[in-house]
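Chains, contacts and geometry: an overview
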Amino acid sequence: MPSVAVKLYSVFFKFLLKQRLQSWIQDPIDESSNPYGVTTRPEESVSAPNPCFTDGVATKDIHIDPFTALCIRIFLPESSLSPPEQSHPKSHLRSSLLDPNSINHRRNSYAPSDTGTPRNDSRRSSLDGLNSRSDNNVYRGYSPQPQKCRKLPIMLQFHGGGWVSGSNESVANDFFCRRIAKLCDVIVVAVGYRLAPENKYPAAFDDGLKVLNWLGKQANLAECCKSMGSGARGVGAEFTKAEVQRHIVDAFGASMVEPWLAAHGDPSRFSAIDVFLAGDVICIACSLVYRFSAIDVFLAGDIMCTGCSSVYRSIRCVLLGVSCGANIADYVACKAIEAGKRLDPVKVVAQVLMYPFFIGSIPTKSETRLANSYFYDMPMCLLAWKLFLPEEKFSLDHPAGNPLILDRSLKRMPPTLTIVAEHDWMRDRAIAYSEALRNVNVDAPVLEYKDAVHEFATLDMLLKTPQAQACAEDIAIWVKKYISFRGNELSY
């Protein structure tokens, strides 16, 4: 059973949230009065962005939509400062798997780094990329140096909060995303979507999809800058960072290329190979033709030509949703499948649904037995759904809350890890969705944590518990199966 401290905090938490929800129900907010939206409540404790690697992760905030409050926070792990990995033929890749030093390096990607004597290696010297113009109060955060940048997969993270609260820059979410970035060795992009009741459905879902499209645009812009640099100075020559960023600017003259993502998110174009309607793939370097089904191309991520060893790489993107954020992640994954090549070179290769905020009209056993559970009980969550869904569309079987009610094929859904808690009334519906995915041969394991409550791994007072740490490590172990470079997968 949860501790006494957790029980007391749960009572206090539910009292405050219920008061807030009831006040919004009694005094409805006119959505048209604030189309810009809100992503952070005034009472939310927020953590300021820190563009320096003071604790192993650098962060920055970006407002990506001029017409709404949609914003993101990028979490860049210090491991991205390692020298770039070299592309090797298959024989070299196979030998690297047998090299103990290579394996240890991958183990350290999600284990604590050596705290012994500091070393004078390239990873440390790459910190020279930090801008030191502090005398004039100018930005002194991390500035990428192309020759010392390591490419990392990207994870889109959607916070929880019952549609009406939470933030991508809250202290709790900042701590959680830093932990995930270091353990999974990925760039975490935390999405600050618009909250209800100021912006009802489908605002949050549209924001999630808009960020995924923005990532694809960033990858294409980075590749365009690279191509322009090579074309102007000959093959093999590259522009300096400042020169590249000056090539593509918006109407106000500002650079449209996000430097951290351009340097560390792999901008190599998967669309450099042509995928025909029959499923054939042809290497543009040696014209060797392969046979791939649409699902093979979707899941493969990277393709290496056996004829010339050319590697065509996509940006491996993992979706991670917490509570109601899991509903957004599942929606974005579904839309990514429908979009197909329109999202190139971004490929959603997996998703993690942490205690998803699913609901339905036919009650499950857990909804009956645990209706008055900790932190988010069922009556309070129904109020949150009423604030999120438009009044004329309110239904417990709305597609936003019940993914199994939809008449859609689940066969092409990405591999899905579902996290559930023992003392959470939403657990049975999440398990049922995972079973539906497994029935169509999707890799969809479920991890259930004993004596755990809803948001046990992301709530502020529970972040440092052994369960929260174990959950983050379990996520890292599973996710790394799908974000490893092809030919370099290891069994953890």
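The name given to the protein in an unreviewed UniProt entry is Putative carboxylesterase 11-like protein, with Gossypium arboreum as the source organism.

**With respect to the side chain of Asp207**
Summarising the element assignment, Asp207 is placed in helix H6 (residues 203-233). Once residues within four sequence positions are removed from consideration, Asp207 is found in contact with Leu70, Tyr193 and Arg194.

**Quick look at the packing of aromatic side chains**
Scanning the model with the defined rule gives 18 aromatic pairs in all. Ring centres 5.9 Å apart and planes at 75° place the aromatic pair Trp385 and Phe388 in the edge-to-face group. Of this pair, Trp385 and Phe388 both sit in helix H12 (residues 378-388), three residues apart, roughly one helical turn. Judged by relative accessible area, which is 1%, Phe388 ranks as buried. Ring-pair connections join several aromatic residues into one group, and the members of that group are Trp163, Tyr201, Phe205, Tyr331, Phe357, Trp385 and Phe388. It is Lys60 that lies over the ring of Trp260; its NZ or CZ is 4.5 Å from the centre.

**A look at the confidence of the model for the protein**
Residues with a pLDDT of 70 or more make up 69% of the protein, whose mean pLDDT is 77. Counting contacts from residues 241-247, a segment whose pLDDT is below 50, to residues more than four positions away or on other chains yields nine contacts. In this model residues 250-254 is a low-confidence stretch, pLDDT under 50, and it forms three contacts with partners more than four residues away in sequence or in other chains.

**Describing the packing of helix H1 (residues 4-26) against H12**
Geometry of a packed helix pair, given as the angle between the helix axes and the separation of the axes. For the pair H1 and H12, the least separation of the axes is 10 Å and the interaxial angle reads 35°. The element H1 and its partner H12 pack so that their crossing is left-handed. Side by side, H1 and H12 meet where Lys14, Leu17, Lys18, Leu21, Gln22, Trp24 and Ile25 of the first sit next to Met380, Leu383, Ala384, Lys386 and Leu387 of the second.

**Examining the pattern of salt bridges**
All chains considered together, the criterion is met by 17 salt bridges. Two residues, Glu367 and Arg429, come together in a salt bridge whose shortest N-O distance is 3.0 Å. Of this pair, Glu367 sits in helix H11 (residues 365-369) while Arg429 is found in helix H13 (residues 427-439), placing the two residues 62 residues apart along the sequence. The exposure classification of Glu367 matches that of Arg429, with both residues buried. Look at the salt bridges and you will find they share partners, linking Asp55, Asp61, Arg73, Glu169, Asp174 and Arg178 into a network.

**Details of the packing of helix H5 (residues 171-184) against helix H14 (residues 466-483)**
Close contact between H5 and H14 brings their axes to 9 Å; oriented N to C, the two are set at 45°. With respect to each other, H5 and H14 are oriented oblique. For the crossing formed where H5 meets H14, the hand is right-handed. In this structure, H5 uses Arg179, Ile180, Leu183 and Cys184 to contact H14, whose residues at the interface are Ala468, Gln469, Ala472, Glu473, Ile475, Ala476, Lys480 and Ile483. A per-class count over the contact of H5 with H14 returns eight nonpolar, one polar and three charged.

**Brief notes about the pairing of strand S10 (residues 315-322)**
Most of S10 is tucked away: eight of the eight residues are buried. The side-chain alternation of S10 yields two buried faces, one formed by Ile315, Cys317, Leu319 and Gly321 and the other by Arg316, Val318, Leu320 and Val322. Summarising the sheet, strand S3 (residues 154-158) and S10 pair through five bridges and their orientation is parallel. The partner of Leu156 across the bridge, within S10, is Leu319. Here eight bridges tie S10 to strand S11 (residues 346-354), and the two strands are oriented parallel to one another. Directly across from Arg316, in S11, lies its bridge partner Lys347. Assessed by its sense of winding, the connection that carries the chain from S10 through helix H10 (residues 324-339) to S11 is right-handed.

**What about the sheet that holds strand S4 (residues 187-192)?**
In spatial order, the strands read S1-S2-S4-S3-S10-S11-S12-S13; together these eight strands make up an open sheet with mixed pairing. Either end of the sheet is taken by a strand with one partner, and the two such strands are strand S1 (57-63) and strand S13 (446-453). On average, each strand axis in the sheet is inclined to that of its neighbour by 20°, with strand direction left out of account. Inspection of the sheet shows S3 paired to S4 by five bridges, in the parallel sense. Of the residues in S4, the one forming a bridge with Leu156 is Val189. Helix-sheet contacts for H10 involve S3, S10 and S11, and the interaxial angle to S10 is about 145°.

Cut-off values and rules
Residues numbered from 1 in each chain as written. Predicted model: local features only at pLDDT ≥ 70, side-chain atom pairs only at ≥ 80, totals over all residues. Heavy atoms only, no water. Helix = DSSP H or I, 4+ residues; strand = E, 2+ residues; numbered from the N terminus. Contact = heavy atoms within 4.5 Å. Phe/Tyr/Trp six-rings, centres within 6.5 Å; stacked < 30°, edge-to-face > 60°. Buried < 20%, exposed > 50% of the residue type's maximum accessible area, 1.4 Å probe, protein only. Lys NZ or Arg CZ within 6 Å of the ring centre and 35° of its normal. pLDDT = per-residue confidence, 0-100. Axes fitted to C-alpha atoms, helices over the stretch in contact; angles between N-to-C directions. Left-handed = near helix turned anticlockwise from the far one by under 90°. Salt bridge = Lys/Arg side-chain N within 4 Å of Asp/Glu carboxyl O. Parallel < 35°, antiparallel > 145°, perpendicular 65-115°, else oblique. Nonpolar A, V, L, I, M, F, W, Y, C, P; charged D, E, K, R; others polar. Pairing = 2+ DSSP bridges. Right-handed = clockwise from strand over helix to strand, strands pointing away.

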